[in-house]
Every structure is written in structure tokens, then in C-alpha cells.
Amino acid sequence: MVDTLYIEQAVLELETTAAVVSRYPKARQIVIDRYGEVFNSHAQNFRTQKQNPSLILAEKQNAKVMPAPAQYETGGGAHYYFSHMLNCVYDCRYCFLQGMLRSANYLLFVNYQSFIEEIKSIAARHVDDEKPVWFFSGYDCDSLAYEPVTRFAETFVPAFEDIPNAVLELRTKSTQVRSLLAREPINNVVVAYSLSPEPVAAELEQGAPTLAKRLDALKKLQDHGWRIGIRFDPVVWHAGYDQTYAQAIDSVFTKLDPERIDSVTLGGFRLPKGFFKTMLKLYPEHWLFNAGLSEQAGLVSYQPQLEREVLDAVAAQCRRFVSPDKLFVYYSDEAQQSQP
Amino acid sequence: MSHAPVVTMVFALTCEARPWIDALKLKKSDARPFDLYTGDSIEVVISGIGSESMATAVGWIAGRSPRPRVWLNVGTAGHATRELGELFLVHGCAASESGRAHYPPLVAAWTGSTDALLCVDHVSDQYPGGAAVDMESMAFFNAAMRFSNSELVQSMKVVSDNEQSGVEHLNSKRITELMQPHVDAVMRYAANLLSLVPASFSVTTVLDLESLRASHSIKQQIQRALHQLAALDVDAERVSDVLQDQTNARDMLTRLQALVSNTAPMLGSTKGVVKEATNG
Ligand code: SF4
């Protein structure tokens, strides 16, 4: 429940603003000039704010769509990402947003149409590419978790019907799939679920649906004809991780049809050093930030040998169900080597 | 010395603070140069009027002890249309109508009114822009946020004058009367603020780092390894065992780091599982 809404003067009249505001009739409304005054002010504490985040409605100015880092690639062509929202209703202990942002307030950019126009104009530049151009959503928030309030998917998914050379990937842990199930699937939209074994999710993904509930949503989407992706990212090292992941992988691929899964990606827990330091300060007592890690070239990740051991074990489990061309494993040391 | 968090309330005037001093039976301290009243987990400081006094008082009280603090500025403010005696929480504060505003993060529960506040240099009977007006709030926020996170630095105001009844009707007795009804509401909010202070994390002392002959860097790495082992909930006894008979700091570090590397966290419990015996 949000009890404070900050609304930029510039978006007061937008329809999306009115729709969001109507969801919170009891919230206090504070009109501001620019979101940065609230979101970027100094001396904020992410952990404290996460106890009761406010919602900021703002206009995203300047570039709305950015080139995506190479590691996002899952076999597609050019790839970009965009964030209609910063921060998330869930509270995953490993979430890099805790280290990247000063504020835990939800920042929602409500000028959806300008995002869509920019996506269309970038896609137009790639119209002659051999492979479709990918647009990733859900790296700075969860794409669907706040759907009842934001109507993000309900607005953006239909827009991709008019951009046949583009693919939209919605990254999520949410079961808010009603708007997707209420319509015909579109072949250029992929719903990619971040999954973790039940005990990992219970311990590290506060507020997010259980693995079983995510699988139910995935199954419904797959049965309805949506393209789906699976992300075990981060894979978290812990005592008995091989059994924990084996069980989860069994349940995922026996529930879903592996043949009709677009891609499966794996990556270890890793963070840029600066984010890691901030997160360690926020949660000094948490085992996640104190187990098995080392730093190389500005990236904190599992010690290389440990990361390989863990990812290889989980990848081997996945290979029992999915073909090698659909499985993508990101090793931190390889990512570093490929950096310029 | 206690390290429990404390509510530090800063008032410009004693007549504003009087209802809290009396209701909470606070004791006046001998401290100087600011009047200070203390009780269990609470201290009340009287800063005097104006920005400079406020900033100095905040720095002074913060310097008296390193206890974690939540800061609450309580005082009077003018407002064009609000009723005399109304209490509100400040949701935005600026030093001028065109200046950059500070928006205190409203994390602690508060169901009462909130309002914007304009902080001016002189006593004024102008109430511009629909905001409340006072003389200390901006200095309070700027100074207190040097010592605590902004979520823990808040200001509450009671309307003392408005377009119908100007500052000329105010005296100390009247101010105390206006503040009096709000003791409970303010203290409930202070308790909500206090509940936001994160629990501190401490590492059990198994080693006297100060007296260890080692470079600063080695000591830091040892400290980090001890921190990791504490977070993994490895028994202090086990850590002591690993260090047994070691006098060389580098060897100690190697052994501690090996223990960290070999300790896998166990889900559902903070206890880590040590994979194998560590002999350094
Ligand atoms: S779901 Fe994603 S964005 Fe949300 S808290 Fe978890 S990791 Fe962060």
C-alpha cells in the first residue's frame, strides 16, 4: 500500500497519471517539479525506505531506450532495454537496484507513448537486419508485478503488434498475467520468468510469488500460446545447492513443455564492486554478501572456480531437459575477458 | 555509554518544548551552551531562534555522543489558511519559493496532515504560495542529515499565526497552549521513527586487532574475514580454534580466509556449513 504520491507538475494531466492516482484514493499527493528532487536527494537509506516506499509519477525525458549489455543476449539480433519504472514491489536481497539507486521509492515514468514512439523509431532503423531487434523490459523493475496499477503490459504489448521486426521481452517473477491471458498471444513478445528453487526464493525474494505460483503462471502462459523464457539468474551458492537446484529444475521442466521454451539462461550472483559495497553497508549481517565472493576487475562475483562448479552443475541439470542451443550460461570471468 | 537509539527533539524556544518536558518528566542537564533536557531514549534541545542557532545546536548535540538518532524538529509556523493550533508533518521544505526543495522521505507511519514549509530569515506576516512559514527548518534538515539518514530527520509544526491572527498575538504562554494538545501525537510519530532505525551488526571479539603487529591493510582484511564469519554465523569458538597458536598476522589472515571460503551458507538458518577442516 502506497501512502504518499509525488507527482511531477508535467504529468498531472496525463491519463496514465489519473489512472494510477485513482488506485490510491487515500494517499497524500505532493506536487513536485522534477522527480530528482525526491528520488536522488542525498542521505537516503534504501533499506529504511523499503519499509514503506512512496510512488513518484514522472516524465522520462531524454533517451528512453538504451543499448543493452551483451550479456542480455539470448540469440537475438540488436538488443536494447528500457525502464518505464525504477524499483520494485518485491524485495530480493540480491537485487542490484539496492546498490544502484539512492531511493527505494517506486519511480514510474507515465509518458508511455513517448517510450513507444522511441521503440518504434529504433526498430525502424533495424528493419533490414537479419534478426529481429530485442527490447528488454524488467531490469530496473519487475515488468508485471505492478500491472494492476501501471497497466504497463496492457499498453506496451499491443504496441508490438505493429513492430514485426522487434521482440519485447518482459522479465518478471509475477503472477499478474491476467492481461496477457485475456488476449491472443503475439509472436514477438517473450515472457521471461526469473526462477529460484523454493528455499532460495523464500529466503532471498521477499514478497515475490513462490516457485509453484510462478510455474502456474508460466504454464498458463505457455498453454495460451505465449513464448516463454526461463532465467535462473542469479544462481545462489549454498550448502546442498546441487540438490536444491536439481529439484527445482525437475519441477520446472516437468510442468512446462521444454520444447516450447524460448531460452534458458543461467548466471551466478554478481555485482559491480560499487553496488556491492553499498549493499554490504545496507545489509552487513546478510550471508549472501559474505559467502564465496571475490572481486576481479571491478566485479564482485563467486570465486571463479566456485562459480564454474555451481553453474556447470546447474547447467548439467538443465541439459537433461533443454537442447544446448537454448541454454545460455554467463560466467563472470568470461564476461570480464570479453570486456573492452 | 549507551548505544541505544535516541529521539532527539529540537525546539527553537523553551515555551514550545515545555509540554514535552513536563509530560515526559525530562531532567535538565548542566550542559552548555544549549539548554538540554533528557529522559529514557529522548533528549530535548532548545536551539534559539534562526538558522545559525539551529545548525549549531544540532551539531552540538550530535557531538555529545555517537548514539544513533532520529531527529525531530518541533515548533511553530505561520500559515495563511490553516487553523491556529493545527499540527502537521513537513513534507517539503525550501529556503525560498524558487529554491530547490528538500522532501523528507515519509517512511514512518503518519496519518495526520502534511504540508510544505518555506523557511525565511525574518519574522514575517506574509504566507506565500500556500506553504507554512518558519525560520529554522531548512537549517535543521541540512544539519541533522549530516548525522542520520534523511528518513530519520523530520519536522512537525503547529500553526501559531495565520491571516486572521498574526504574530502580534503571540507570547510564550500562548505558544505553550498551542503546543500542549500535540504531545501524544508527536510522541507516537517519534516512536514510529525510532522503529525505523536498523539494528546494528556487531562482530564478536576473538582477536585484539589493535595490538596485532601488522600493516593497516592486513588488519582490514582480517577484520573483513571476521565480519564474513560472523555473518555466516560461524561460532567464535571455531574461529578461535583456527587462530590457535598463530602469532603471525599473515598466517592468521590466510586461515581465516580459508575458513570463509570453505563455509557454505545454509538456507533456513544463518549458520554456515564448513565443507572441510581448515588447516590453513
Ligand atoms: S523482482 Fe527483480 S527488480 Fe524486483 S526486487 Fe527482485 S531482482 Fe529486483
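As a reminder, the structure under discussion sits directly above these lines.
Residues numbered from 1 in each chain as written. Chains lettered and ligands numbered in written order. Predicted model: local features only at pLDDT ≥ 70, side-chain atom pairs only at ≥ 80, totals over all residues. Heavy atoms only, no water.

### Points about the overall build of chain B
Turning to step 1, where the next piece is worked out: Looking only at helices and strands, chain B has eight helices and 11 strands in total.
Turning to step 2, where the next piece is worked out: Computed over its C-alpha atoms, the radius of gyration of chain B comes to 25 Å, more than 25% above the 19 Å expected for a compact globule of 280 residues.
Turning to step 3, where the next piece is worked out: For the C-alpha atoms alone, the extent of chain B along its principal axes is close to 80 × 40 × 35 Å.
Turning to step 4, where the next piece is worked out: Expressed as a percentage of the 280 residues in chain B, the buried residues total 52%.
Turning to step 5, where the next piece is worked out: For chain B, contacts bridging at least 24 residues in sequence account for 69% of all contacts bridging at least 6. (Helix = DSSP H or I, 4+ residues; strand = E, 2+ residues; numbered from the N terminus. Rg over C-alpha atoms; globule rule 2.2 N^0.38 Å. Buried < 20%, exposed > 50% of the residue type's maximum accessible area, 1.4 Å probe, protein only. Contact = heavy atoms within 4.5 Å.)

### Section: the sheet that holds strand E16 (residues 293–296) of chain A
All names here are of chain A.
Turning to step 1, where the next piece is worked out: The strand order E15-E17-E16 describes an open sheet built from three strands, whose pairing is antiparallel. Two strands bound the open sheet, and with one partner strand each, they are strand E15 (270–272) and E16. The average angle at which neighbouring strand axes cross in this sheet is 25°, direction not considered.
Turning to step 2, where the next piece is worked out: Strand direction decides the pairing type here: E16 and strand E17 (residues 299–302), joined by four bridges, are antiparallel. Residue pairing in the sheet places Glu 295 in a bridge with Val 300 of E17.
Turning to step 3, where the next piece is worked out: In this fold helix H13 (residues 304–319) packs onto E16 and E17, with an angle of close to 55° to the strand it touches most, E17. (Pairing = 2+ DSSP bridges. Axes fitted to C-alpha atoms, helices over the stretch in contact; angles between N-to-C directions.)

### Focus: the state of the cysteines
Between two cysteines, a covalent bond joining their sulfur atoms is known as a disulfide.
Turning to step 1, where the next piece is worked out: Summed over the entire model, instances satisfying the criterion amount to zero disulfides over all chains.
Turning to step 2, where the next piece is worked out: The thiol of Cys 93 of chain B is unpaired, and the distance to the nearest cysteine sulfur, on Cys 119 of chain B, comes to 5.5 Å. (Disulfide = S-S within 2.5 Å.)

### Quick notes on the interface of chain A and chain B
How big an interface is tends to be stated in terms of accessible area lost as the parts join.
Turning to step 1, where the next piece is worked out: With 35 residues of chain A at the interface, the matching set in chain B holds 34 residues.
Turning to step 2, where the next piece is worked out: Summing the contributions of chain A and of chain B, the shared interface buries around 3000 Å²; its carbon and sulfur component is 56%.
Turning to step 3, where the next piece is worked out: The largest share of the area that chain A buries against chain B comes from Arg 28, Glu 37 and Asn 290 of chain A, three residues that together contribute 19% of it.
Turning to step 4, where the next piece is worked out: Where chain A meets chain B, there are zero salt bridges.
Turning to step 5, where the next piece is worked out: Taken together, chain A and chain B are joined by 11 residue pairs in polar contact (both at pLDDT 80 or more).
Turning to step 6, where the next piece is worked out: Listed by contribution, the elements that provide at least two residues to the side of chain A that touches chain B are strand E1 (4–8), strand E2 (28–32), helix H2 (36–39), helix H3 (46–49), helix H9 (198–204) and helix H12 (273–282) of chain A.
Turning to step 7, where the next piece is worked out: At four residues, the largest contribution of residues to the side of chain A that touches chain B is made by E2 of chain A. (Buried area = accessible area lost by both parts, 1.4 Å probe. Salt bridge = Lys/Arg side-chain N within 4 Å of Asp/Glu carboxyl O. Polar contact = N/O pair within 3.5 Å; in protein donor to acceptor, adjacent residues only side chain to side chain.)

### Overview of helix H5 (residues 112–125) of chain A
All names here are of chain A.
Turning to step 1, where the next piece is worked out: Look at H5: 20 Å from first C-alpha to last across 14 residues, which is about the 20 Å you get at 1.5 Å a residue.
Turning to step 2, where the next piece is worked out: Buried residues of H5: Tyr 112, Phe 115, Ile 116, Glu 118, Ile 119, Ile 122 and Ala 123, and no others. Mapping the buried residues of H5 onto a view down its axis gives an arc of 165°, with all of them on the same face. Of the exposed residues in H5, those oriented more than 90 degrees away from the buried face are Glu 117 and Arg 125. (Expected span 1.5 Å × (residues − 1). Arc of directions from axis to C-beta.)

### A word on the packing of aromatic side chains
Residues and elements named next belong to chain A.
Turning to step 1, where the next piece is worked out: In the structure shown here, the tally under the stated rule is 26 aromatic pairs over all chains.
Turning to step 2, where the next piece is worked out: Taken together, a centroid distance of 6.3 Å and an interplanar angle of 55° make the contact between Phe 82 and Phe 115 tilted. One end of the pair, Phe 82, is in strand E5 (residues 79–82); the other, Phe 115, is in helix H5, with 33 residues separating them in the sequence.
Turning to step 3, where the next piece is worked out: The class for Phe 82 is buried, based on a relative accessible area of 1%. (Phe/Tyr/Trp six-rings, centres within 6.5 Å; stacked < 30°, edge-to-face > 60°.)

### What about the sheet that holds E5 of chain A?
For sheets, the rule is that strands pair by backbone hydrogen bonds, running either parallel or antiparallel.
Residue and element names in this part refer to chain A.
Turning to step 1, where the next piece is worked out: With respect to topology, eight strands assemble into an open sheet ordered E4-E5-E9-E10-E11-E13-E14-E18, the strand pairing being mixed. Of all the strands in the sheet, the pair left with one neighbour each is strand E4 (65–67) and strand E18 (327–330). Across this sheet, the average inter-strand angle for adjacent strands is 25°, counted without regard to direction.
Turning to step 2, where the next piece is worked out: With three bridges joining them, E4 and E5 adopt antiparallel strand pairing. In the sheet register, Met 66 faces E5, and the bridge partner there is Tyr 81.
Turning to step 3, where the next piece is worked out: Its contacts with the sheet put helix H11 (residues 241–255) on strand E13 (227–235) and strand E14 (261–268), and the angle it makes with E13 is roughly 175°.

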